[in-house]
Amino acid sequence: MEQLKFKNIAHKKGQPPGTLIYTGNKTDDYEIAVINYNSEEYCEHELNDIEECLPFIDSPKVSWINIVGLHKVDVIEKIGRFFNLHLLVLEDILNVNQRPKVEYSDEYLFVVLRMLTYNELSHQVDSEQVSMVLGKNFVFTFQERKVDVFEPIRHRIRNKTGLIVKNKADYLLYALIDIIVDNYFVILEKIGEEVEILEEDVLLNPSQEVVHTIHRLKRNLLELRKSIWPLREVLNVLNKDETSVINRNTAIYFRDIHDHTIQVIDIVETLRDMVAGLLDVYLSSVSNRMNEIMKVLTIIATIFIPLTFIAGVYGMNFKYMPELNWRFGYPMSVALMLIVGILMVIYFRRKKWL
Amino acid sequence: MEQLKFKNIAHKKGQPPGTLIYTGNKTDDYEIAVINYNSEEYCEHELNDIEECLPFIDSPKVSWINIVGLHKVDVIEKIGRFFNLHLLVLEDILNVNQRPKVEYSDEYLFVVLRMLTYNELSHQVDSEQVSMVLGKNFVFTFQERKVDVFEPIRHRIRNKTGLIVKNKADYLLYALIDIIVDNYFVILEKIGEEVEILEEDVLLNPSQEVVHTIHRLKRNLLELRKSIWPLREVLNVLNKDETSVINRNTAIYFRDIHDHTIQVIDIVETLRDMVAGLLDVYLSSVSNRMNEIMKVLTIIATIFIPLTFIAGVYGMNFKYMPELNWRFGYPMSVALMLIVGILMVIYFRRKKWL
Amino acid sequence: MEQLKFKNIAHKKGQPPGTLIYTGNKTDDYEIAVINYNSEEYCEHELNDIEECLPFIDSPKVSWINIVGLHKVDVIEKIGRFFNLHLLVLEDILNVNQRPKVEYSDEYLFVVLRMLTYNELSHQVDSEQVSMVLGKNFVFTFQERKVDVFEPIRHRIRNKTGLIVKNKADYLLYALIDIIVDNYFVILEKIGEEVEILEEDVLLNPSQEVVHTIHRLKRNLLELRKSIWPLREVLNVLNKDETSVINRNTAIYFRDIHDHTIQVIDIVETLRDMVAGLLDVYLSSVSNRMNEIMKVLTIIATIFIPLTFIAGVYGMNFKYMPELNWRFGYPMSVALMLIVGILMVIYFRRKKWL
Amino acid sequence: MEQLKFKNIAHKKGQPPGTLIYTGNKTDDYEIAVINYNSEEYCEHELNDIEECLPFIDSPKVSWINIVGLHKVDVIEKIGRFFNLHLLVLEDILNVNQRPKVEYSDEYLFVVLRMLTYNELSHQVDSEQVSMVLGKNFVFTFQERKVDVFEPIRHRIRNKTGLIVKNKADYLLYALIDIIVDNYFVILEKIGEEVEILEEDVLLNPSQEVVHTIHRLKRNLLELRKSIWPLREVLNVLNKDETSVINRNTAIYFRDIHDHTIQVIDIVETLRDMVAGLLDVYLSSVSNRMNEIMKVLTIIATIFIPLTFIAGVYGMNFKYMPELNWRFGYPMSVALMLIVGILMVIYFRRKKWL
Amino acid sequence: MEQLKFKNIAHKKGQPPGTLIYTGNKTDDYEIAVINYNSEEYCEHELNDIEECLPFIDSPKVSWINIVGLHKVDVIEKIGRFFNLHLLVLEDILNVNQRPKVEYSDEYLFVVLRMLTYNELSHQVDSEQVSMVLGKNFVFTFQERKVDVFEPIRHRIRNKTGLIVKNKADYLLYALIDIIVDNYFVILEKIGEEVEILEEDVLLNPSQEVVHTIHRLKRNLLELRKSIWPLREVLNVLNKDETSVINRNTAIYFRDIHDHTIQVIDIVETLRDMVAGLLDVYLSSVSNRMNEIMKVLTIIATIFIPLTFIAGVYGMNFKYMPELNWRFGYPMSVALMLIVGILMVIYFRRKKWL
């Protein structure tokens, strides 16, 4: 959750490096699911214990092991032991406030991504860490909570649609990253719609609410940028065909995600510029409206003050005020007030103040 | 259309990569036109089916196949099959919200550009994707809607003016990109004129309208920048003579467009700076004008309030107020008011408040 | 202390380079402590004289000599002589306003870091220089004051937890730097919480206090940035395995700190953007609130001024004012005032001014 | 002219590339002048036809052919034919809205510069294109209008002062570029003086005029920056001794202009920062002054309103108002008003409002 | 002097390059002083004519020739002739508005620096050019005016303290540059103190003065940045051991100055950010204070206007106003006013307006 963002970052302070501690929020979600497939057949299993995945890994088919819930640190530890992952990689899987990054050795490739979800209630962009480990013929994915973002890929494997089942584990990794990046567009669409509603609000109904919406959108866009910007470098590594576990034909696909990522960054920057521009429009709208009101009110006051003065003069109690005894003194004074008032209105009109 | 910009970007979410879906707006425009030429002769045909273009491709002359309307996905698919284009290229042709990019293999070169048009009604810059595939002796161009932007090139081929007919397909590609980039100058000219009109408006008639115009211009310039900025890299690739389908003599021409693109970016940045500066001028104009009004009104009120006070004093009903019984009490009180009023005016004048 | 920051920077002006002068604040803290360990055993000693550390250095175990208090310049000078450190290195140890940097020769590696502490009283980030010299089998650490930041590492050595005791001196250097960088997260967490409290304050209780808090946070974030930004380059050198005193296996750990540092910079930049955004929200909140007050007050005045005018008219002392003698003149005038007042309220309501 | 800047940029739209069209303003200036010199002798000629320059080119001396007026497109075309210049070079000479650039082949070097003049009447910086072609032993210069900027160089050739006559054509090119860059300092000096006058105006006499001056200066500085920034790259090429027509000894001189150009950019950026700062000072001056006025006026009103109230109370017509019948009721009421007024003034003074 | 900064930059316009003209302010300071030293002995001389320095140069000891006053152009010319300096180097020595730079040939190294002094009277940073030429065993320093900045170095040579006398001419160059860079810290300390005083002023006493101080500080920091920023590149060249006249052992010292320079730039940027932040704080302080005053005043007016209205009503002269004849009409009306006033105060209190 957004509000807790700065509360967990120092969770591990003072612990020796390599200590495996889960730094995210507690959750009850816990699941280990394996899909084992090739272009002819597939099977799905839910595992109780991580040891059960070992036979799948040894099969020549592609295995995708999805682990939901990182609070069971011993599971991660065992995976590290079985697959010979570096201690720092395990630490990164559990430390769920990482920025996107990629690391690789001769045997495996490790990717950290941020999955973004748009919270419809709080209108906040929540971000969650998804780690992936790509080996020879398997992919591990680690999620904090059970979210259905990978469901379409499971669907494609089951139905043997698309190219996934015809390719190796590296293509599966591509498909998984692709679906996460595609999801960014959904978030951007939501924010884009909000910006457009905001644009109308600013013109028609510039309330103080608008400032808070702008502030919230700015925070969301900051969050997005922080999550997406480093992804560019990650994909730059992946499409450059430098690693031993991604083969050449798949690298070109990562280049495609790279292009999408740059497009996402472009849109984020454009939205940031637009939101910043809206604040200017809002501020000038508000001050304009306020100024109009104050102007009219001040003009009303300004017209009546001299009239009240005239009335005041003839309210004086001097014994010798000849006008007071005139037959038409009263109507003449009223006429005087009318003339003064009309002259002032004309003057203000001519000056374009009214 | 501008207003829909953020509504389509997530169109393909959850689809397997390589699924061919047209992400643009529905349109009825549909046309396949072939021009087949060399320096001696040319012929033009409108095709019903994409298969009919195959004989043209096999001719030694240069063929330019222009496809308008991308909603017929099967046409694109067939082209991909006939000319051995990568699935991701086909996807890029149909996904019409791409940023400009270039990709090439040994056999072909693929370019995505954004064609900009200035909508005179809404004063908005609309942007449309134009994709091009350059092969050995052919160029494919893909447009969403029928716009006449390439007409001058057809004209030149028909009249054999210019260098097009004397050169190969790579020169045709250059001519097509050149005409799109030249078109950016037309848009900039329109926006430049708007900025100049705005500049006068800000000084002579600073209404709230101005803020909206500034906001609109900013959006247009953002749109322009987003479309043109990545073009620089595209042309950098093209003029570097690295690809097998562009030969050396033509590469120098792409360098020329590269220079134009940088000039366009320069002008866009200058216009952005100018528009941003105009907002400052506007805001200070408005607040200045408002301040002037408020100052004058407040001064009027300030002069009359003490006078009204004097009138109030002589309106009191005390039994023993000697002035009230004086023979010249009334004119003296009026004189007092006059003196007070005049002194205040003099004081305000000296202070330069009036 | 923050307030003195700009008062010491020119301390050494006019001194010949290589003159050893301590440029920090006077302090009574002074201590030389040695820990000598390998994976089997360890011993701790407090030394009176720096010469006493020589036997430890010659032992095959790893020695960590922590020197607190830099005002005893002769101690530093002796260390320089014993371990053949360059005069400029000694100068850098004593000149405690350095930016983070790394320097290495064939025999040793010299690192300058800034340790940050959050002063709970003044809500200021204080920064202190920590220098480290890594040799073949020893690490020197130099601190200005006695702060317990390294205590967890001593603890780990004593309890033989973690990887420290299994590794060489270069791993100790890593552990020391790691604990300093981890500490940055603690500071960021504190500032992050302050920003969140501020965010609520800005909405609920936008007092002038807020501006000072924003200014203070900005200064703190500037201080943080200045201390952390150059660290990136330092760690870039360390993880690149270019130096002779860090071996390959340890270099990967420095890469991990490098990632953390970039994450810290990311958060600092995000916080800076958020704080800057909060100033906008605050300013618009304040001016909004002020405008609301002024509007209501002006409306009250505007309603009563015409009513007072009517009262003024019937307060005039003309002899012939027929209304004055009417039987129901008084209630009619009051009714007139009521009607005028109500009409004005209705008008203001319709205009949405009330 | 500044006002027409955005009106010509799309002049060539739809024309085939390589079409020679002059895109500048019509002018009657037309002149072809040749100076042919070596260290011993020189001769000057005015030519009617461009063919007449051919014998000069063939002479072993250095020839400088200055062409004023680009509307005679056929002259440029002939030069292109005689000297084998690329069609795109000819196009660049005639398209006078280019940014500075350099291009070179084995036989010649082509430079586009912008010559700036300060229009004393409109206080605008006008910019004009100057193109130069350097060959083996000749330099062509192309100007739109007859301006005397090169006169000092002619003077030096005639008097054999300086190093020009002792060197080859490349040194002449250097001298020509040098005089254009030197001219930038003249413009900067003018703008610098304007900024200084403005600085005083902002403090002593902050009128609305100031905003327009600031806006104009910003535009001028934008224009300058646009013209000078790309020059850096041009000179980088020239001083790098990569081209065949510039020899090593002269390259060092281009390095000198490069330094000057960077200095010009420095000053432009400094002036931009200063002008931006002045807007802040102006805005705060104006609002401060306005606030002072409003404060004083409001205080006057605030003092008199309670006094008027007291007068109003004793102006009431109640039958039983004991004060009215007191012998000293009137002076007492006046005293009351005085006391209230003085107390308020004291209160405002103590609050530092007056 | 600051005020004249933009008046001299175009001094040389139209002069042939290589013309030796002094572009600084006229001064009477003129002095040529030689110090000739090695680790055993030293001698100091004041020369009348530059020829007299030749024997010193030929001695195996290190010679430092300090030339004060550049208006005697012939002296510079002679030096150029004797030591074979390039004409452009001589020009750079005399053209005293250069940005820092370094140039070197096989025989000598030429450095241009800016020496900054803080003018206590005008609170301005003045900048003066110092040029240095390093040869085999000599250093020339060129100053415009006699300032004592190098005195400590003379002192060290005389007393044989420090490393100067033990090293060659390149170390002398290092010491001279070091003392100039150290001096920047003194300036920064002064500005830092000013910023801190300003920080208090902004909170306690936010007068219009503050804006001018901020503007002045900004200018000073701009001046500093302009003088120091290019120094980084200069020192980058010097510490890279590429030149023939600086030997390896000394290069490491230049690296030390390089670090100091980066630190200076860091501090300048921090101060710039702080000053910019202070403007925001000031503006919000002022508008807050103003708003408070206006609010209180408007509330006073708003409370009295309805009361005055009530008084006005009972000041009307209707014949039939029953209240006027009531026994307790007057106290009741006063009570009514009190109640209305108190109710309004309560209302304003509840709304937190008071």
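What you are looking at is a predicted structure, and each value in this text was computed from that prediction instead of being measured.

### A closer look at the nonpolar core
Piece 1. Counting 355 residues, the largest nonpolar core has Ile 177 of chain A, Ile 177 of chain B, Ile 177 of chain C, Ile 177 of chain D together with Ile 177 of chain E as its most contacted members.
Piece 2. Apart from residues no more than four positions distant in its own chain, Ile 177 of chain D is found in contact with Val 111, Leu 113, Met 132, Leu 235, Leu 238, Phe 254 and Ile 257 of chain D.
Piece 3. Formed by 103 residues, the second largest nonpolar core is a distinct cluster that contains Ile 303 and Met 316 of chain A, Leu 324 of chain C together with Ile 303 of chain E.

### Remarks on the relation of the copies chain E and chain C
Piece 1. Of the transformation superimposing chain E on chain C, the axial component is 0.1 Å and the angular component is 72 degrees, with the fit at an RMSD of 0.2 Å. Look at the turn and shift together and you get a five-fold axis relating the two. Judged by C-alpha distance, Gly 315 of chain E is the residue of chain E that lies nearest the rotation axis, at 4.6 Å.
Piece 2. The fraction of interface residues of chain E whose copies in chain C are also interface residues is only 9%, indicating that the copies meet through different surfaces.

### Some remarks on the pairing of strand S6 (residues 124-134) of chain B
Residue and element names in this part refer to chain B.
Piece 1. Counted residue by residue, S6 has 10 buried out of 11 residues, so it is predominantly covered.
Piece 2. As paired strands, strand S5 (residues 109-119) and S6 are joined by 11 bridges and run antiparallel to one another. Bridged to Thr 117 within S6 is Asp 126.
Piece 3. In sequence, S5 turns back onto S6 through a hairpin of 4 residues, with His 123 there showing a positive phi of about 50 degrees.

### Structural notes on the sheet that holds strand S3 (residues 62-68) of chain D
All names here are of chain D.
Piece 1. Pairing within the open sheet is mixed, and its 7 strands lie in the order S2-S1-S3-S7-S6-S5-S4. At either end of the open sheet lies a strand with only one pairing partner, and these are strand S2 (42-47) and strand S4 (101-104). The mean angle between the axes of side-by-side strands here comes to 20 degrees, regardless of whether they run parallel or antiparallel.
Piece 2. The pairing of strand S6 (residues 124-134) with strand S7 (residues 138-143) spans 5 bridges and is classified as antiparallel. Looking at the pairing, Ser 131 lines up with Phe 142 of S7.
Piece 3. Where helix H6 (residues 209-228) meets the sheet, its contacts fall on strand S5 (109-119) and S6, and the angle it forms with S6 comes to roughly 10 degrees.

### Observations concerning the environment of Lys 295 of chain B
Piece 1. With respect to the helices, strands and loops of the structure, Lys 295 of chain B is situated in helix H8 (residues 248-313).
Piece 2. In the structure, Lys 295 of chain B is positioned 58 residues away from Trp 353 of chain B in sequence and 7.9 Å away in space, judged by C-alpha atoms.
Piece 3. With sequence-adjacent residues up to four places away left out, Lys 295 of chain B is seen in contact with Trp 353 of chain B together with Met 290, Ile 293, Met 294 and Leu 297 of chain D.

### Thoughts on the relation of the copies chain C and chain A
Both copies of the chain are placed relative to one another by a rotation about an axis and a shift along it.
Piece 1. Superposing chain C onto chain A takes a rotation of 72 degrees plus a shift of 0.1 Å along the axis, which leaves an RMSD of 0.1 Å.
Piece 2. Of the residues that chain C buries at the interface, just 10% are likewise interface residues in chain A, meaning the two copies contact each other through different surfaces.

### Focus: the state of the cysteines
All names here are of chain A.
Piece 1. Summed over all chains, the structure comprises 0 disulfides over all chains.
Piece 2. Cys 53 provides the cysteine sulfur closest to Cys 43, a residue in no disulfide bond, and the two sulfurs are 13 Å apart.
Piece 3. On the basis of relative accessible area, Cys 43 is assigned to the partly exposed category, the value being 24%.

### Quick word on the packing of aromatic side chains
Piece 1. Inspection of the entire model under this criterion finds 75 aromatic pairs over all chains.
Piece 2. When the ring of Phe 83 of chain E is compared with that of Phe 140 of chain E, the centres are 5.0 Å apart and the planes differ by 70 degrees; the resulting orientation is edge-to-face. Note that Phe 83 of chain E is positioned in helix H2 (residues 73-83) and Phe 140 of chain E in strand S7 (residues 138-143), a separation of 57 residues in sequence.
Piece 3. On the basis of relative accessible area, Phe 83 of chain E is assigned to the buried category, the value being 11%.
Piece 4. Its relative accessible area of 1% is what places Phe 140 of chain E among the buried residues.
Piece 5. Taken together, the ring pairs in this structure connect Phe 83, Phe 138, Phe 140 and Phe 142 of chain A into an aromatic cluster.
Piece 6. Between Lys 72 of chain A and the ring centre of Tyr 30 of chain A, over which it is positioned, the NZ or CZ distance is 4.2 Å.
Piece 7. A cation sits over an aromatic face here: Arg 327 of chain C above Tyr 320 of chain E, 4.6 Å from the ring centre.

Conventions adopted
Residues numbered from 1 in each chain as written. Chains lettered and ligands numbered in written order. Predicted model: local features only at pLDDT ≥ 70, side-chain atom pairs only at ≥ 80, totals over all residues. Heavy atoms only, no water. Core = buried A, V, L, I, M, F, W, Y, C linked by side-chain atoms within 4.5 Å. Buried < 20%, exposed > 50% of the residue type's maximum accessible area, 1.4 Å probe, protein only. Contact = heavy atoms within 4.5 Å. Least-squares fit on C-alpha atoms with pLDDT ≥ 70 in both. Helix = DSSP H or I, 4+ residues; strand = E, 2+ residues; numbered from the N terminus. Pairing = 2+ DSSP bridges. Axes fitted to C-alpha atoms, helices over the stretch in contact; angles between N-to-C directions. Disulfide = S-S within 2.5 Å. Phe/Tyr/Trp six-rings, centres within 6.5 Å; stacked < 30°, edge-to-face > 60°. Lys NZ or Arg CZ within 6 Å of the ring centre and 35° of its normal.

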